[in-house]
Amino acid sequence: MATDGIPTPDPRQLRFAKAALERIRRRRVREYEAMVATGFTRTCPVCGYEGEFAPVGEPPRLDGLCPLCRSRERHRLFKLWIDRRGGISAEMAVLHFAPEPMFEPLLRGQAGTYVTADFMRTKVDRKLNIEALEIEDSSFDLIIAHQILEHVDHHKALAECFRCLRPGGRMVVTTPLIESWAVTYQNPALATPRDRMLHFGQKDHLRYFGRDLKDHMRAAGFTLHEFVAVEPDVSTYSLTRGETLFELTKPAAAPKKSVKTKTRKG
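The rules behind each value
- Residues numbered from 1 in each chain as written.
- Predicted model: local features only at pLDDT ≥ 70, side-chain atom pairs only at ≥ 80, totals over all residues.
- Heavy atoms only, no water.
- Helix = DSSP H or I, 4+ residues; strand = E, 2+ residues; numbered from the N terminus.
- Rg over C-alpha atoms; globule rule 2.2 N^0.38 Å.
- Contact = heavy atoms within 4.5 Å.
- Areas by Shrake-Rupley, 256 points an atom, 1.4 Å probe, with all protein chains shown as cover.
- Salt bridge = Lys/Arg side-chain N within 4 Å of Asp/Glu carboxyl O.
- Buried < 20%, exposed > 50% of the residue type's maximum accessible area, 1.4 Å probe, protein only.

## Some thoughts on the overall build of the protein chain
Phase 1: From N to C terminus, the protein chain includes seven helices and eleven strands.
Phase 2: Taken over C-alpha atoms, the radius of gyration comes to 24 Å for the protein chain, far larger than the 18 Å a tight globule of 266 residues would show.
Phase 3: By its C-alpha atoms, the protein chain is 105 × 55 × 35 Å across when sized along the principal axes.
Phase 4: Long-range pairs, those at least 24 residues apart, make up 60% of the contacts in the protein chain with a sequence separation of at least 6.
Phase 5: When the accessible surface of the protein chain is totalled, it reaches about 16,200 Å², and 55% of it is carbon and sulfur.

## Examining the pattern of salt bridges
Phase 1: All chains considered together, the criterion is met by 16 salt bridges.
Phase 2: Residue Arg-108 pairs with Asp-125 through a salt bridge whose shortest N-O separation is 3.1 Å. On the criterion of sequence distance, the pair formed by Arg-108 in helix α3 (residues 104–110) and Asp-125 in the loop between β6 (113–118) and β7 (126–127) is long-range, its members being 17 residues apart.
Phase 3: Take Arg-108: its relative accessible area is 38%, and that puts it in the partly exposed class.
Phase 4: Judged by relative accessible area, Asp-125 falls into the partly exposed class, the value being 42%.
Phase 5: Residue Arg-218 pairs with Asp-215 through a salt bridge whose shortest N-O separation is 3.7 Å.

What follows is the structure, encoded as structure tokens:
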């Protein structure tokens, strides 16, 4: 197996690097403080606010947070999906995992039945484990699961949601994904929150998805539509360039074949 040719710096170089690190950090903090006021006017499609947005996240994104409703990029992308493709009506039953506060009033007003769910939180309609849903088959028309699959066994979660959707029903998913990675990165040896933060970007994440996630979605039985953050939406609404909201559809039931009966002539 080939090995990387990594050189070994001498002690004097290491002392210089340590001092340089502190200088660079102080300079970058000053630069960041100067950049926080971006001067860009953004529009929040969730609450209608227009103006500068606030920094958010680790590492921070300069204007990812709406200061009025606290929406982040994925929330604003979801609102655009609702407006352009959602088609949520009073005839629909909607199940919303880890519900975002800014969407509860909106979705309760649009859907005939709206059920919030979470495994850990208490202020929801039902305490549910997405890997083993205590729900009857074909119960919902829409299931919403933002930033859930990276925390759980996503194969079980997708299978359970497929089971609980009515034919023609949809599931909406957002999750951290690196499109250029062919294979999802998992590492069971990462046992500490600090290790998971380094490798997966958050201490309670279990993986970083590659584009094979789409194969996993199809294997669960879904057909896919990708609702992608593109310009001019990115600059108008402060979205993450190229972020994808997956709209997964459970195929409609195949029509039953008519049974031909024999008749006697004469």
